[in-house]
Structures are given as C-alpha cells and as structure tokens.
Amino acid sequence: MSILKQLEATIQSRIGANPDTSWTAKLLSKGPEKCAEKFGEEAIEAIIAAAKNDRENLTYEAADVLYHLLVMLAARGIALDDVLGELERREGTSGITEKARRN
C-alpha cells in the first residue's frame, strides 16, 4: 500500500473522531470549506518555498499540501482512487489537448 493510500485510510478513520484528540477530526468537523481554506494556505506556503528555492521547506510544505488535499477530498467524499483514475485517463494525452477538451 502506498503512503498516500495509508494516509487516506488514516484520514477516513478520523471522520467522526474526537476533534479534541485529532487534528484531522478537528479539520473535518469544521466542514469542507475550512478544509479547502487550509489546503489553500498550505499551497501558498509551498509556492513561497518554491519561489525562494528553499528545497527543505518546499519538501515539508509539499507533504502538508498532499495531506490537506486528501483531507479536503475526504470532506467532499472524493476518494483518492477517483483522482488517480482521472490521472490515468489523462496519461498519454498532451496537456494542451486535455485543456482544449474542457473548453
């Protein structure tokens, strides 16, 4: 099992858990909008680290981004497999072509 699948399982196990003892449960208890807001904050921190060419901090912030992405997805009932399936669907397709299909 990949670490992302393990993390997703841990997040799922925290749904409905005590928010006083679990950061994940606390985030989820605040609703999908708060989860999305926290994901955005972490993404901005990763952007800043990348812009500063701070490899160590970017690595740390990228891990936060992945965690908060999975929390945000869980808050909206979207499985990691759904996202991975979409990536598989796009595999071998030019990003330019994929973007044109959406318009």
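Since the structure is predicted, the reported quantities are computational estimates derived from the model, not experimental observations.

Caption draft 1: The packing of helix α3 (residues 32–51) against helix α4 (residues 55–75), seen in detail. In contact at an axis separation of 8 Å, α3 and α4 are set at 160 degrees when each is read in the N-to-C sense. As far as their axial angle goes, α4 and α3 are roughly antiparallel. By crossing handedness, the relation of α3 to α4 is classed as left-handed. Of α4, the residues touching α3 (which contributes Pro 32, Cys 35, Ala 36, Lys 38, Phe 39, Glu 42, Ala 43, Glu 45, Ala 46, Ala 49 and Ala 50) are Asn 57, Leu 58, Glu 61, Asp 64, Val 65, His 68, Leu 69, Val 71, Met 72 and Ala 75.

Caption draft 2: Structural detail: the environment of Ala 79. Here Ala 79 shows up in the loop between α4 and α5 (80–90). For the pair Ala 79 and Glu 8, spaced 71 residues apart in sequence, the C-alpha to C-alpha distance is 8.2 Å.

Caption draft 3: Spatial organisation of α3. With 20 residues, α3 extends 29 Å from end C-alpha to end C-alpha; this agrees with the ideal 28 Å at 1.5 Å per step. Those residues of α3 that sit buried are Cys 35, Lys 38, Glu 42, Ala 46 and Ala 49. For α3, the arc enclosing every buried residue in end-on projection is 80 degrees, short of the 170-degree limit, so these residues lie on one face. Exposed positions of α3 whose direction lies more than 90 degrees from the buried face are Glu 33, Ile 44, Ile 47 and Ala 51. Here the buried face of α3 lies against α2 (23–29) and α4. Of the residues one or two after α3, Asn 53 is the one with positive phi, at around 55 degrees.

Each value, and the rule that gives it
Residues numbered from 1 in each chain as written. Predicted model: local features only at pLDDT ≥ 70, side-chain atom pairs only at ≥ 80, totals over all residues. Heavy atoms only, no water. Axes fitted to C-alpha atoms, helices over the stretch in contact; angles between N-to-C directions. Helix = DSSP H or I, 4+ residues; strand = E, 2+ residues; numbered from the N terminus. Parallel < 35°, antiparallel > 145°, perpendicular 65-115°, else oblique. Left-handed = near helix turned anticlockwise from the far one by under 90°. Contact = heavy atoms within 4.5 Å. Expected span 1.5 Å × (residues − 1). Buried < 20%, exposed > 50% of the residue type's maximum accessible area, 1.4 Å probe, protein only. Arc of directions from axis to C-beta.

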